[in-house]
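Structural description and commentary
Given next are the chains, with one letter for each unit.
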Amino acid sequence: MSVRATKGIAMSEQSGKPKKKPKIPRQKMAEQAPAERVKNFQEVPFGFTLEQAMLEASRCLQCKNPKCVNGCPVNIDIPGFIKLIEQGKIIEAAWKIKEQNSLPAICGRVCPQETQCEQLCVLSKREKPVSIGYLERFVADYEREKGELKIPERRPATGKKIAVVGSGPAGLTAAGELAKLGHEVVIFEALHEPGGVLVYGIPEFRLPKSIVRAEVEYLKALGVKIQTDVVVGKTISIDELLREYQAIFIGAGAGLPQFMNIPGESLIGVYSANEFLTRNNLMRAYQFPQYDTPLLRGKRVATVGGGNVAMDSARTALRLGAEKSFIVYRRSRVEMPARIDEIEHAEQEGIELHLLTLPLRILGDENDHVRGMVCQKMELGEPDESGRRRPVPIKGSEFEMPVDVVVIAIGNRPNPLIPKSTPGLAVQKWGGVIADEKTGKTSREHIYAGGDIVTGAATVILAMGAGQNAAYAIHQELTGEDLAPKKPEPAAGEDEEE
Amino acid sequence: MGSKIVKKELIAPSVYRIEVLAPQVAKKHQAGQFVILRLNEHGERIPLTVLDKDPQAGVITIVFQVVGKTTMMLEDLKVGDEILDLVGPLGNPTEIKNFGNAVCIAGGVGCACVYPIAKALKQAGNHLTVILGGRTSQHLILEKELAEISDRLEICTDDGSKGTHGFVSQVFKQMLDQNQRIDYVLAVGPVLMMKAICDLTRPKKLHTVVSLNAIMVDGTGMCGSCRVQVGGQVKFACVDGPEFDGADVDFNNLSARLRAYKEMEDLARELYQEQRQAK
């Protein structure tokens, strides 16, 4: 291939060094037009073409001390896989990623690269960083579509059995790593389908379920067994599992939705984002009556919250036929925790942001159906403990929003089922399981935990990182071998540009 | 995988008792807990009452009334067929101890929920009174089983075809009026019935347990579909319940929330009815 071109950096006129070819701009993925995509649940971006991917890969400077890797919770050899793409060795690039990350097609779609690897990319100082996320997605899709899934060689069986609780990002990652190391791994999943938040929470248009299924199949090919319909803490307890398994990893997620505790929250048409998304994604309510699970389709839907889950809910409401879909958020735009990509996608689709707006109560009609929401305008005051400026109510600014569905997306707490049924498992005041940051070790011997059940609601990739770290720690406990990567501290002030 | 149906019988009009192979659930189930099932890939998840269990045989007994599409499909399954997904036991077990004089009030299919609890209460040493009600004598379920375990069994029917002519709440009110000593009340049945009972016991500060049949999806506390207002607070029937102190429950809200999807449920039922007829 002839794409091998320049290193992307145009030398300054004054430098005196030979001029390089004109710099290649960061490549963009083609995507469904907003007017079209709000009518369907298909994925929004189409992904890179091979040419685009190789062109984008050629922008990478191949730093000797790559900072991007320091931003990756699972330590992917980023320059390594990008180099392979540049050389047209796409399948090899996928394998390179899979040395460190069993779920690249998922990470390439839902990781917040802009605050991780791409933020640290040295190119971002002068221009846009390399599209590491899009490239990861491209190679994973390419490998899957070519049907050339390679199952890495497993180490010889150790005879050790490990139970993994929950099949979300943390559990899947821990299971994959442990299986590769030769351990026998069984995942216990409460729902009828594996994937956790990847199947019940993240909508089809952002993460197609066929991709999650493919990644789960890959884990099964690695030898991981999955038992669905098992609620650990009810069907079987952690202590019962310990009789059969030498170690346990708990990655049960933050599955306890928070409500605002304002009047009207029990009216018909008020949903937690978890319920709204679960009915739609896991249970496929958008295909009712072909699928049996119902969901109220609002004409005017207000989603309360400013995170990715709020964006997912508001965009889902549009696809379910809402004429208006609003985001109601009590702080301002800069404080929104959602990924920039997601906010932009939402706005392109016509979602209206009501910023600095706080819901006070939800109004019902004579049949207890939602008919409106009373809100109050806010202004930004002094910074609070989170460092963000605290929203302060503006007196006399109350107003009524006519809406017929309200989705509450203000966060989740760790589900208490497991802590409550596991004596001696120490938890934080707010319910999170206490676990060592590097190893996932809990207060109980042989029990490890990671992901949202430890941190509270966070990102897919942080959960995966925790799953990976715990897998190494479990492996060390069971075999004595230390595999944890020694991350070099980023060298200060050192520029890797040529 | 699936859970195989090993026995099925019609015990009242539109009410079935089925035995299902579910060894893990059978091993763990305690009175008051329930299961959630999904019949096929397109199905919804619904909670159902577990009447009994046989841990040795790995079998649980489920009682259901045919009301919507999912229970119609369940009605159409035969012995030997499999239920695709069955998960449990869910919810908290009933608090069982010797309260003294216990009165268990069961309306309609609520009997299925009451029976294992009443049995456990009897075993714990309570003097057990059961009030069993149904629309007609045909709709009385588990009469024989309840008669076996109770010290006193009161029967009533809406049409007077058996026992007292009237509602369970009327029979219960007579008991209260006669100043019989009552230490514990359990009421399970239609929302209106539970509300009527609690309206009677609230002024007397008589501890009354109700089991709430809210609409659920996951049954693990993850979605909040089953939230109920109890004492002004939001509670999840699946993980905080299904039993609550009846004096504090907002039954009107529960009743409204149970009707949330009525139109869609009607449509699903009609479409399934057409499918049935086409066969």
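Structure's up top.
Everything in this summary refers to the structure shown in the same document.

All names here are of chain A. It is the contact of helix 2 (residues 50–57) with helix 4 (residues 78–86), at a shortest axis distance of 8 Å, that shows an interaxial angle of 130°. Regarding the angle of helix 2 to helix 4, the classification is oblique. Of the two elements, helix 2 crosses helix 4, and the hand of that crossing is left-handed. Residues A53, M54 and A57 of helix 2 touch helix 4, and the partners they reach there are I82, I85 and E86. When the residues that make up the contact of helix 2 with helix 4 are grouped by side-chain class, the tally is 5 nonpolar, no polar and 1 charged.

Here we take up the interface of chain A and chain B. Contacts between chain A and chain B engage 42 residues on the former and 44 residues on the latter. Roughly 3800 Å² of surface becomes buried between chain A and chain B when both sides are summed, with 55% attributable to carbon and sulfur atoms. The three residues of chain A that bury the most area against chain B are K234, S266 and D292 of chain A, which together make up 19% of that side's buried surface. The interface formed by chain A and chain B holds 2 salt bridges in total. Residue E240 of chain A is joined to K28 of chain B by a salt bridge in which the shortest nitrogen-to-oxygen separation is 2.6 Å. Counting across the chain A and chain B interface gives 22 residue pairs in polar contact (both at pLDDT 80 or more). The biggest single contributor to the side of chain A that touches chain B is helix 13 (residues 273–282) of chain A, with 4 residues. Its residues placed into classes, the side of chain A that touches chain B shows 21 nonpolar, 13 polar and 8 charged.

Right, let's get into the pairing of strand 2 (residues 15–21) of chain B. Within a regular strand, side chains alternate between the sheet's two faces. All names here are of chain B. Within strand 2, 5 of the 7 residues are buried, which leaves it mostly tucked inside the rest of the structure. For strand 1 (residues 3–12) and strand 2, the ladder comprises 6 bridges, and the chain directions are antiparallel. In the strand pairing of strand 2, E9 is matched with R17. The antiparallel pairing of strand 1 with strand 2 creates a hairpin that spans 2 residues between the two strands, and S14 there sits at a positive phi of about 65°. As judged from the 7 bridges shared by strand 2 and strand 5 (residues 59–65), these two strands associate in the antiparallel manner. Following the sheet pairing, I18 is matched in strand 5 by I62.

This next bit is on helix 7 (residues 251–258) of chain B. Turning to helix 7 of chain B, its buried residues are F251, N253, L254, A256 and R257 of chain B. Contacts from the buried residues of helix 7 of chain B go to strand 8 (270–272) of chain A together with helix 6 (191–201), strand 13 (208–211) and strand 14 (227–230) of chain B. For helix 7 of chain B, the side-chain oxygen to backbone nitrogen distance between the N-cap and N252 of chain B is 3.2 Å, and the N-cap itself is D250 of chain B.

Another point: the sheet that holds strand 10 (residues 324–328) of chain A. Residue and element names in this part refer to chain A. Reading across the sheet, the 5 strands line up as 8-16-9-10-11 and stay open at both edges, with parallel pairing between neighbours. Only two strands of the sheet have a single neighbouring strand rather than two, namely strand 8 and strand 11 (352–354). Geometrically, the sheet is characterised by an average inter-axis angle of 20° between neighbouring strands, direction not taken into account. Two elements, strand 8 and strand 16 (residues 405–408), share 3 bridges in a ladder whose sense is parallel. Its bridge partner being in strand 16, V270 is matched across the sheet by V406. Helix 14 (residues 308–319) rests against strand 9 (300–304), strand 10 and strand 16 of the sheet, and its axis sits at about 165° to strand 10.

Attention now goes to the pattern of salt bridges. Side chains that differ in charge, positive against negative, can pair when their charged atoms come close. Enumeration according to the criterion identifies 55 salt bridges over all chains in this entry. A salt bridge links R17 of chain B to E9 of chain B, with the nearest nitrogen and oxygen atoms 3.2 Å apart. Linked by salt bridges that have partners in common, E31, R37, E114, R206, D312, R315, R319, R339, D341, E342 and E349 of chain A make up one network.

Time to look at the nonpolar core. General note: in soluble globular proteins, nonpolar side chains tend to be found buried as a group. Counting residues in hydrophobic clusters, the biggest one holds 80 residues, and the most contacted among them are I78, F81, I82, I85 and I106 of chain A. With 9 residues, the top contributor of residues to this core is helix 18 (residues 460–479) of chain A. Core analysis: the next-biggest nonpolar cluster, separate from the first, contains 58 residues, M260, V304 and L417 of chain A together with M194 of chain B among them.

The next thing to look at is the pairing of strand 13 (residues 370–383) of chain A. Residues and elements named next belong to chain A. Bridge count for strand 12 (residues 357–364) against strand 13 is 7 bridges, and the pairing is antiparallel. When the bridges of strand 13 are listed, L358 appears paired with Q376. Two elements, strand 13 and strand 15 (residues 399–401), share 3 bridges in a ladder whose sense is antiparallel. By the bridge assignment for strand 15, V374 is matched with E400. Two successive antiparallel strands, strand 13 and strand 14 (residues 389–393), enclose a turn made up of 5 residues, where G387 displays a positive phi of approximately 85°.

Right, let's get into the packing of aromatic side chains. All names here are of chain A. Tallied over the full model, the rule gives 9 aromatic pairs over all chains. With centroids separated by 6.3 Å and ring planes inclined at 40°, the aromatic side chains of F41 and F205 adopt a geometry described as tilted. With a gap of 164 residues between them, F41 in the loop between helix 1 (34–37) and strand 2 (45–47) and F205 in the loop between helix 10 (197–200) and helix 11 (209–221) connect regions that are remote in the sequence. Ring geometry for F138 versus Y142: centroids 5.7 Å apart, planes at 45°, classification tilted. Taken together, the positions of F138 and Y142, both in helix 8 (residues 132–145) and 4 residues apart, correspond to about one turn of that helix. Judged by its relative accessible area of 8%, F138 falls in the buried class.

What counts and how
Residues numbered from 1 in each chain as written. Chains lettered and ligands numbered in written order. Predicted model: local features only at pLDDT ≥ 70, side-chain atom pairs only at ≥ 80, totals over all residues. Heavy atoms only, no water. Axes fitted to C-alpha atoms, helices over the stretch in contact; angles between N-to-C directions. Helix = DSSP H or I, 4+ residues; strand = E, 2+ residues; numbered from the N terminus. Parallel < 35°, antiparallel > 145°, perpendicular 65-115°, else oblique. Left-handed = near helix turned anticlockwise from the far one by under 90°. Contact = heavy atoms within 4.5 Å. Nonpolar A, V, L, I, M, F, W, Y, C, P; charged D, E, K, R; others polar. Buried area = accessible area lost by both parts, 1.4 Å probe. Salt bridge = Lys/Arg side-chain N within 4 Å of Asp/Glu carboxyl O. Polar contact = N/O pair within 3.5 Å; in protein donor to acceptor, adjacent residues only side chain to side chain. Buried < 20%, exposed > 50% of the residue type's maximum accessible area, 1.4 Å probe, protein only. Pairing = 2+ DSSP bridges. Core = buried A, V, L, I, M, F, W, Y, C linked by side-chain atoms within 4.5 Å. Phe/Tyr/Trp six-rings, centres within 6.5 Å; stacked < 30°, edge-to-face > 60°.

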